[in-house]
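Close look at the chain arrangement
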Amino acid sequence: MKHVLAILVENKSGVLARVAGLFSRRGFNIDSITVGETTEPGISRMTITLEGDEAVVEQVMKQLNKLINVLKVSNLSQEPAVMRELMLIKVRAEPHTRSDIQQIVETFRGKVVDVSLNSMIIEVTGNDEKLEAIVLLLQHYGIREIVRTGNIALLRGAKVTRENGEARRSKG
Amino acid sequence: MIIAALEHEQVEVIFGYPGGAVLPLYDALYHAQIKHILTRHEQAAVHAADGYARVKGKPGVVFATSGPGATNLVTGIATAYMDSVPLVIITGQVATKLIGTDSFQEADITGITLPITKHNYLVGSIEELPVTLAEAFYIASTGRCGPVLIDIPKDVMEQEGTFCYERNREIPGYRPTYVGHPGQINRMVKAIKEARRPVIFAGGGVIRSGAAAELRELAIKCRIPVTLSLMSLGAFPGDNPLFLGMPGMHGMVAANFALTEADLIIALGARFDDRVTGKLEQFASEAKIIHVDIDPAEIGKNVPIDIPIVGDVKQVIRELLKRVQPGDTSDWLQRIEEWQARYPLSEGTAPSSGKLKPQFVIREINRLTGGKALITTDVGQHQMWVAQHYCFREPRTFLTSGGLGTMGYGFPAAIGAKLASPASTVICITGDGSFQMNIQELATVVCGNYDLKVVVLNNGCLGMVRQWQELFFEKRYSQSLLHGNPDFARVAEAFGATGLRVSTADEATAALEKALSVRGPVVIDCLIDPAENVYPMVAPNRPINEIITGRDLE
Ligand SMILES: Cc1ncc(C[n+]2csc(CCOP(=O)(O)OP(=O)(O)O)c2C)c(N)n1
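Below is a short write-up of the structure. (Residues numbered from 1 in each chain as written. Chains lettered and ligands numbered in written order. Predicted model: local features only at pLDDT ≥ 70, side-chain atom pairs only at ≥ 80, totals over all residues. Heavy atoms only, no water.)

1. Description of the overall build of chain A
- From N to C terminus, chain A includes four helices and 11 strands.
- Taking the principal axes of its C-alpha atoms as reference, chain A extends roughly 55 × 40 × 30 Å.
- Relative to its full complement of 172 residues, chain A shows a buried share of 43%.
- For chain A, the proportion of contacts with a sequence separation of at least 24, taken over those separated by at least 6, is 71%.
- Carbon and sulfur atoms provide 51% of the accessible area of chain A, an area that totals close to 9500 Å². (Helix = DSSP H or I, 4+ residues; strand = E, 2+ residues; numbered from the N terminus. Buried < 20%, exposed > 50% of the residue type's maximum accessible area, 1.4 Å probe, protein only. Contact = heavy atoms within 4.5 Å. Areas by Shrake-Rupley, 256 points an atom, 1.4 Å probe, with all protein chains shown as cover.)

2. Remarks on the overall build of chain B
- When helices and strands are tallied, chain B shows 23 helices and 18 strands.
- For chain B, the C-alpha radius of gyration of 24 Å lies close to 24 Å, the compact-globule estimate for 554 residues.
- Considering only C-alpha atoms, chain B reaches an extent of 70 × 60 × 40 Å along its principal axes.
- Counting every position in chain B, which comprises 554 residues, the buried fraction comes to 60%.
- For chain B, contacts bridging at least 24 residues in sequence account for 74% of all contacts bridging at least 6. (Rg over C-alpha atoms; globule rule 2.2 N^0.38 Å.)

3. Concerning the nonpolar core
- Formed by 68 residues in total, the largest nonpolar core has its most connected members in Leu268 and Ile375 of chain B.
- Ala49, Ala70, Phe435 and Ile439 of chain B belong to the second largest nonpolar core, which has 48 residues in total. (Core = buried A, V, L, I, M, F, W, Y, C linked by side-chain atoms within 4.5 Å.)

4. What about the sheet that holds strand β11 (residues 288-293) of chain B?
Residue and element names in this part refer to chain B.
- The parallel open sheet is built from six strands, whose spatial order is β9-β8-β7-β10-β11-β12. Taken across any chain shown, the strands that pair with only one partner, and hence form the sheet edges, are β9 (243-245) and β12 (307-310). Adjacent strand axes in the sheet meet at a mean angle of 20° when their direction is disregarded.
- Judged from the two bridges that link them, strand β8 (residues 226-228) and β9 form a sheet pairing that is parallel. Counterpart to Val226 in the pairing with β9 is Phe243.
- Contacting β10 (264-268), β11 and β12, helix α9 (residues 182-194) runs over the sheet at an angle of about 135° to β12.
- Taken strand by strand, helix α12 (residues 253-261) contacts β7 (198-202), β8, β9 and β10, and its axis lies near 105° from that of β9. (Pairing = 2+ DSSP bridges. Axes fitted to C-alpha atoms, helices over the stretch in contact; angles between N-to-C directions.)

5. A short note on the packing of α12 of chain B against helix α15 (residues 330-342) of chain B
All names here are of chain B.
- It is at 9 Å that the axes of α12 and α15 come closest, and there the two elements cross at 145°. α15 is crossed by α12, and the crossing has right-handed handedness. When α12 is examined against α15, the residues Ala254, Phe257, Ala258 and Glu261 are found in contact with a partner set consisting of Trp332, Arg335, Ile336, Trp339 and Gln340.
- Classifying every residue of the contact of α12 with α15 by side-chain character gives six nonpolar, one polar and two charged. (Left-handed = near helix turned anticlockwise from the far one by under 90°. Nonpolar A, V, L, I, M, F, W, Y, C, P; charged D, E, K, R; others polar.)

6. Some details on helix α4 (residues 128-139) of chain A
Residue and element names in this part refer to chain A.
- Taking 1.5 Å of rise per residue, 12 residues should cover 16 Å, and α4 covers 16 Å from first to last C-alpha, within 8% of that figure.
- Every buried residue belonging to α4 is among Asp128, Leu131, Ile134, Val135 and Leu138, and all of these are buried. Along the axis of α4, the buried residues cluster in a sector spanning 140°; they form a single face. Exposed side of α4, more than 90 degrees from the buried face: Glu129, Glu132 and Leu136 are the residues found there.
- Taken together, the buried residues of α4 touch β1 (2-10), β5 (81-92), α3 (98-107), β7 (119-126) and β8 (143-148). (Expected span 1.5 Å × (residues − 1). Arc of directions from axis to C-beta.)

7. Examining the interface of chain B and chain A
- On the side of chain A, 16 residues touch chain B, which itself brings 17 residues to the contact.
- Between chain B and chain A, roughly 1300 Å² of surface is buried when both sides are summed, and carbon and sulfur atoms account for 53% of that area.
- When the area that chain B buries against chain A is broken down by residue, the three leading residues are Leu114, His119 and Gly173 of chain B, summing to 34%.
- Counting across the interface, chain B meets chain A through one salt bridge.
- Here Asp295 of chain B makes a salt bridge to Lys66 of chain A, at a shortest N to O gap of 2.6 Å.
- At the junction of chain B with chain A, the criterion picks out five residue pairs in polar contact (both at pLDDT 80 or more).
- Class assignment of the residues belonging to the side of chain B that touches chain A gives a composition of nine nonpolar, three polar and five charged. (Buried area = accessible area lost by both parts, 1.4 Å probe. Salt bridge = Lys/Arg side-chain N within 4 Å of Asp/Glu carboxyl O. Polar contact = N/O pair within 3.5 Å; in protein donor to acceptor, adjacent residues only side chain to side chain.)

8. Examining unusual backbone geometry
Residue and element names in this part refer to chain B.
- Between Tyr535 and the following residue, Pro536, the backbone shows a cis peptide bond with an omega angle of 0°.
- You can see Pro536 is positioned in the segment after β18 (522-527).
- Unusually for a residue other than glycine, Asn449 sits at a positive phi of about 45°.
- Residue position: Asn449 is located in the loop between α20 (442-448) and β16 (452-458).
- Phi is positive for Asn541, close to 60°, though the residue is something other than glycine.
- By secondary structure assignment, the location of Asn541 is in the segment after β18.

Structural data, given as structure tokens:
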């Protein structure tokens, strides 16, 4: 099963290496990893997507928690959460196929961000299934290159992921 | 500033080796009150600090220079990490502006030690230094202990700054759990009351948390037999009738049978290493398992747990003792007694052959010291023979590299042990292979005139490797015979220590008596029967009740 972990870390040098190193060292596979700043200075948030059964994910979370620079680990796949990923796709586009492609892009609420004589770059965001679906359709025209940001996720509703203690309700 | 911090932490002794990047640090040390032990290799400095920490129960401190000095520490750090030993290691680094340029004697030691330290730091400025040092001591010595490394660039060492030191300061991402969950402890009480075939399986955590007295009380009050992992020998008196001996690959038959047939296993500060469990699928298949450990990640890592309790073993047992009631274990204890009678420990093959038996030497050491010595070992057959034949009675009297299995650990660790407990008789029992991995430390012990003894169980081979080759590789002794060994007694003499060489039982007894009666370093080279093997033995990845006792091979 796929799990999405939200990890709050102190923004210190080497913290990414610590987290990534832990995965490779203990033989856990990462599907994707993203890092970015949070509203709190000095604290970054990582989102890691990984495949594994309950026991593996439990062990991953416990090991992550042992890292001193890790402040909080939560498994967002156990709760309702919004998950998004951004993808750029460079697709072969001859003049006669362009409008077809355009239509697909619109259906997926994507954007054409670059056009050249025989190719286009498409930007699309969504969850896994949506991105897979558009890739499948565009394959028909010939995909030249894909780049993905990896998953990011937030809990639905007013609940937030904070350091110390469980994810708790914000005041608002 | 570093020295001031060490004084705040009441550090009494530093183990280290100087070099270019730590010249400012060693200069500051020149006028300081703290004792510094100059080992003859950085690896030995870490092992010595580790031995000191295991005996003293507080962090050992190490200094080393950048580059090769730092990389020489790696085996020692990994050894301490695997056995959860508190260390604070300070390495010099090249100047800040040179970092990343492959400059002279530069090594990315924080990168290298990332997986073998509990935490590490590369200090960016003098302002960070006091906080970092305070955190390092706190992290190393609390929760599940472990080594912490601080890498300090030379220019930072040379800067001036204001010193403001706050011990045991809170760290946001670090909050060990000490108190066990009361509901879980209640479940533990119930399980113990209901169990008919319980076994306590204690690990090194019992020693680290200082829970030996509590363990004894629990076992005796509830009439539960106790098996101790290699790491915890001494945590329960070896001469108590409830003691089963060590379990696992070279464990006692009764201990392995008891774990296999138990209906309840109470695991305390143990981590279910594969050397203990054998084939996991068949380990303790009838038992409910309670696991108490300070490290949540250990619980359920190798074996599924029925009652997990995260907490400090000492505190959890104390809490438990307030409520626990013994179950009826009399039939079980009788059963165990029968096993113990039927499968006594072998004292070696053909003991009448006239050859010197390693088991005999260890039993003599036990007899002559009353089991009260501080024993260190290296890794191999001799290590297992010590675990089997020496009767440990007190915690922190047995130092060995259990997790990493580091040859070369024992001799320098004995130096640390002696410094931590000067009044104790300290004996390193080693093999001819292992001793040569840090034999240069003879210079250190002669220099300090440390009163410690080295007993080399010299079988002319890498005995444990030879044993595996004999049993599992049809006696193809590939690279395991040590031709060209020196006369260790004469080597010792050359360094200025006392050297003795023996090859019979009588000579061994006389030499041990002599060694224990003189002060100062003594090396006894014991030429033992090279064919002797360690039994009982469970083949790797076999269930632990499938035991080769050695007798069926005679
Ligand atoms: C540093 C290191 N290298 C290799 C090994 C693998 N090893 C385990 S036991 C052993 C033989 C040890 O020989 P010796 O010290 O003579 O002890 P004996 O087994 O003969 O008692 C070896 C090579 C190890 N444990 N540590």
